[in-house]
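Summary of structural features
Each chain, written out:
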Amino acid sequence: VTYVNGFYSKTPQKLAKYSWFGNVRLYSFRVPEDAVLVRWLLTAMRGSGFHCGDQDIAVHIRAGAPPVINPILTVFPNSTTVSLAYNLTLNVQSGQAINVTLFNVTNPAPGDWFLAAHLPKDDGKIEQQGLPSCSYLFQPQMYVRRAADMPILQANIPLSQTVTAPLKQAQLKVFVPEFASELNVFIHTCSVKDAPSSRCGLSVTLGSTSLGTNSSVTVNCSATVPCAASVANPPWDTWVRVTVEISQPNATASFSISANYTVGCKPSSVSSDFNTSVPLGVFSLRSSSSNTSTNPGNVSTALATRANVSDGTCVQNPSVFREEQDVLSIRFAVANGNVSVASEVPTMLALDLDTAADSGGALTVQLDLNTSSVIGAFGSIRACLTPSAPVLQLNISQSCDAAFAKGYSLRLTSNETKALLRIPFPEVALWYLSLQTVCNSSSDCRNTSAVVSMSASVSACVDDCGPYGECRLLRTNSYLYAACVCKAGWLGWSCSDGSAALSFSRQLSAALLLTLSNLLFIPPICVALYRGYHVEAAVYFFTMFFSTFYHACDQPGVTVMCIMDYDTLQFCDFLGSVVAVWVTIVCMARLQEPFKYVFFMAGTLFIAMAMQLDRRGLWNLLGPVLFALVIMVTAWVYRSIKRHHCYPPTWKRWVFFLLPGILSALIGVCVYVFAQTDSNYYYTHSIWHIMVATSVVFLLPPREKHVPPWGWPHKLCGYKMCRNQKEELYTVT
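The present account deals with the structure reproduced in this document. (Residues numbered from 1 in each chain as written. Predicted model: local features only at pLDDT ≥ 70, side-chain atom pairs only at ≥ 80, totals over all residues. Heavy atoms only, no water.)

1. A word on the nonpolar core
Condition: Only buried residues count toward a nonpolar core. Its members are Ala, Val, Leu, Ile, Met, Phe, Trp, Tyr and Cys residues joined through side-chain atoms within 4.5 Å. Partly exposed residues are those whose accessible area sits between 20% and 50% of the maximum for their type, while under 20% is buried and over 50% is exposed, using a 1.4 Å probe and protein chains only. We count a stretch as a helix when DSSP gives it H or I for four or more residues in a row; a strand needs E for two or more, and each element gets its number in order from the N terminus. The contact criterion used is simple: two residues touch if any of their non-hydrogen atoms lie within 4.5 Å.
Counting 44 residues, the largest nonpolar core has Tyr-540, Trp-582, Val-583, Ile-607 and Leu-700 as its most contacted members. Element by element, the count of residues in this core is highest for helix H6 (residues 566-588), at 14 residues. Discounting residues that sit within four places of it in the chain, Trp-582 has contacts with Phe-599, Phe-600, Gly-603, Thr-604, Ile-607, Pro-624, Phe-627, Ala-628 and Ile-631.

Okay, structure coming up:
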């Protein structure tokens, strides 16, 4: 056998603390057919930060679909079945800048493999962009060793092979066609050089490694030869890996191996007439939310399919209609939404999710029993949902698991007429839903049937994230997937875990604090108007108005009020906050009016541009503040030199106005930068509003001597206002 290799790499990404699946950095790799070894090189690096301690990085790995994870131990919604992905932890120690971990998978399953990495649970600390913090980068790389000419086992044709050290194993593959119910592999003869024939020491493994349960089956053939390895319900229309390994070190074994499969049951062949095979009138255009409950007409149509049961067929296979409605939105339907489920033969429905674009959402299957359609000694209806191959022997004690895949069971009875199953991130495969009526143990099972309404779909999120979440579409390279971001303290895969949910009174308190604390800007507005600073007062009013309604719109839960688009409110709030600081400091410089208003306008325009680029950047606030302070200090120094006296000249101005204003501003900045967390945001941010508004009252300079109170003359149309309106008349002769 000739082996070739390949090396694949992904770009390093900055990791985030986990609070929802959007914090995860997702990577996808394509493992080729006939790969015998995959070696992942997992590199975790410390990007920046001072005095960073030990840091754990969680990595989750899954084949066929993105990993389903639960690092913060939330409760999954009802009727949701999950299998958590394989995970490992990388540790970057305090004195270490990089951690490199090798992770090997032998005989990996071909197809898409997904890796997800994240930091531990988010502690709720709100970190300001631009401030030093400990950051970590993660980069996965994949090395693949592949057999270019792997031997093929033909059905019922023995093949001679030899296993030698140091490989100690032989890799083969066999193709399993559609409708196969059993796969058998036989070791006919075995001989080990310089050892008795009874001590062959071989083991046979069927299947590939996918890090999931039941991904392969191993049989020890060291005791008896001939030896057989068998699996029921093998995956259809695919290659199955066969690995023969010798347990004895430094030994050479020769053996003869063969394989066969059993085709137990095939559905009836469909007609060549398209209108007969798929009646177009059956699949009328309707929305996914349309009512598919049974009605007498639909029941009659479903019961008519029972005529096929008596013609010798061993399985009913109704046509399934697949409708792609949008990104991660697929609906499956059968004729009239109903299927007849008999006791003699099972009913099999194929749900095509065989492309990677279908695995980023949630698969939902709902069954509804029509009790009025029950015929005979009805006990229950058993249903199995499995990927790659159906389970067609639906006895009560029979497991729904296929050969190498986990199955999911549903059950309908006369008392429990509805069954619901939801699977987040379903595996890329052709899924099969098989149903069969199970009779009462003491009754005759002939001619027993019932009609079931079947609804299956793929949606972006489970239950559309419920009332306390928002379903968001995410992307890694060209792969699209979706996840729920929760609000008001709700947690979980569909925001259904209310163990830490905020009560209505807490939500109302947060909304009132964050909005009403902006009313503290009324005193600065009045002071500015009284001292004749009308432009500054207009800026403070703008800030108060948009900060109030932005926080009213930004609330989690039900206490929300948005007077316009959220993005517009956020932009105006951030812009008003920075411009208010800018005009206050420039006003303190006491510049002459032309220069003062030029700085007002130019600064506002540059701040608006910076906010459009990055609203949460540290320099969006720090840059204007520093530049305004330079202007103010320069103006004060110039006045001090010119007057030969410290400016501002009076100690009362420093003690009773400037120092309290600076202290209020520093307290507000410290609370805003260092104290805010998700849990205390509503009152720490309210303190920020109060401190900033208070500092403006103290820091605004006093009224100019020639400006009257409120900035207006006593007479509305006195000479001062109207002198420029006087017209000079000249007589031309």
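2. Considerations on empty space enclosed by the protein
We count it as follows: As defined here, a cavity is a set of points on a 1 Å grid over the protein atoms alone where a 1.4 Å probe fits but cannot get out. A pocket is an open set with protein on both sides within 12 Å along at least five of seven lines, and residues line them when an atom is within 4 Å of a point. Grid points are joined across faces, edges and corners, and a volume is the space filled by probe spheres set on the points. Three residue categories are used. Nonpolar comprises Ala, Val, Leu, Ile, Met, Phe, Trp, Tyr, Cys and Pro, charged comprises Asp, Glu, Lys and Arg, and polar comprises the others, including Gly.
Tallied over the full model, the rule gives two cavities of 30 Å³ or more. Counted as a void, the largest cavity has a volume near 160 Å³. In terms of lining residues, the largest cavity is bounded by 16 residues, among which Tyr-18, Trp-20, Phe-21, Gly-492 and Trp-493 are the most central. Broken down by element, the residue count for the lining of the largest cavity peaks at three residues, all from strand E30 (residues 479-486). Here the lining of the largest cavity is built from residues that sort into 12 nonpolar, four polar and no charged. Of the volumes computed, that of the second largest cavity is approximately 80 Å³. Contributing to the lining of the second largest cavity are Phe-21, Gly-361, Ala-362, Pro-424, Phe-425, Ala-460, Cys-461, Val-462, Ala-482, Ala-483, Cys-484 and Trp-493. Per element, the largest residue contribution to the lining of the second largest cavity is three residues, and it comes from E30. Across the lining of the second largest cavity, the residue classes break down as 11 nonpolar, one polar and no charged.

3. Re the state of the cysteines
Basically, it comes down to this: We call a pair of cysteine sulfur atoms a disulfide whenever their separation is within 2.5 Å.
A full pass over the atoms with the stated rule returns eight disulfides. Across a sulfur-sulfur distance of 1.8 Å, Cys-52 and Cys-134 are joined as a disulfide pair. With the S-S dihedral at roughly -100°, the linkage between Cys-52 and Cys-134 falls on the left-handed side. Of the two residues, Cys-52 sits in the loop between strand E5 (35-48) and strand E6 (55-63) while Cys-134 sits in the loop between strand E9 (111-121) and strand E10 (135-147), which places them 82 residues apart along the sequence. Disulfide pairing places Cys-486 opposite Cys-495 at an S-S distance of 2.0 Å. Classification of the bridge connecting Cys-486 and Cys-495 rests on its S-S torsion, roughly -90°, and on that basis the disulfide is left-handed. Cys-495 gets classed as buried once you look at its relative accessible area, which sits at 3%.

4. Remarks on the sheet that holds strand E16 (residues 227-232)
To summarise the sheet geometry, strands pair through backbone hydrogen bonds and adopt either a parallel or an antiparallel arrangement. As a reminder of what qualifies: When DSSP finds two or more bridges between a pair of strands, those strands are recorded as paired. Think of each axis as a best-fit line through the C-alpha atoms, taken over the contacting stretch in the case of a helix, with angles from 0 to 180 degrees between the N-to-C directions.
Spatial ordering of the open sheet is given by E11-E18-E13-E16, a layout of four strands whose pairing is antiparallel. Edge positions in the sheet fall to strand E11 (159-163) and E16, since each has one partner strand and no second. Adjacent strand axes in the sheet meet at a mean angle of 25°, parallel and antiparallel pairs treated alike. Sheet topology note: the strand E13 (residues 180-192)/E16 ladder contains six bridges and is antiparallel. Looking at E16, one finds that Asn-184 is bridged to Ser-230.

5. Let's talk about the packing of aromatic side chains
What counts here: Ring pairs are drawn from Phe, Tyr and Trp, using the six-membered ring of Trp, whenever the two centres fall within 6.5 Å, and their geometry is named by plane angle: stacked under 30 degrees, edge-to-face over 60, tilted for the rest. Each ring is checked for a lysine NZ or an arginine CZ that lies within 6 Å of its centre and within 35 degrees of its normal; such an atom marks a charge sitting over the ring.
Applying the stated rule across the entire model yields 29 aromatic pairs. Ring centres of Trp-40 and Trp-113 lie 5.4 Å apart, and the angle between their planes is 45°; this geometry places the pair in the tilted category. Of this pair, Trp-40 sits in strand E5 while Trp-113 sits in strand E9, and the two are 73 residues apart along the sequence. Overall, the relative accessible area of 0% leaves Trp-40 in the buried class. Residue Trp-113 is classed as buried on the basis of its relative accessible area, which comes to 0%. Through a chain of ring-to-ring contacts, three or more aromatic side chains come together here, namely Phe-21, Phe-76, Phe-114, Phe-425, Tyr-479, Tyr-481 and Trp-493. Geometry around Phe-29 places Lys-10 over its ring, the cationic atom sitting 5.4 Å from the centre. The ring of Tyr-3 carries the charged tip of Arg-145 above its face, separated from the ring centre by 3.9 Å.

6. Regarding the environment of Trp-239
Mapped onto the secondary structure, Trp-239 falls in strand E17 (residues 238-246). The spacing of Trp-239 and Asp-34 is 205 residues in sequence and 9.3 Å in space, taken between C-alpha atoms. In this structure Trp-239 touches Ile-152, Lys-173, Val-174 and Phe-175, once residues within four positions along its chain are discounted.

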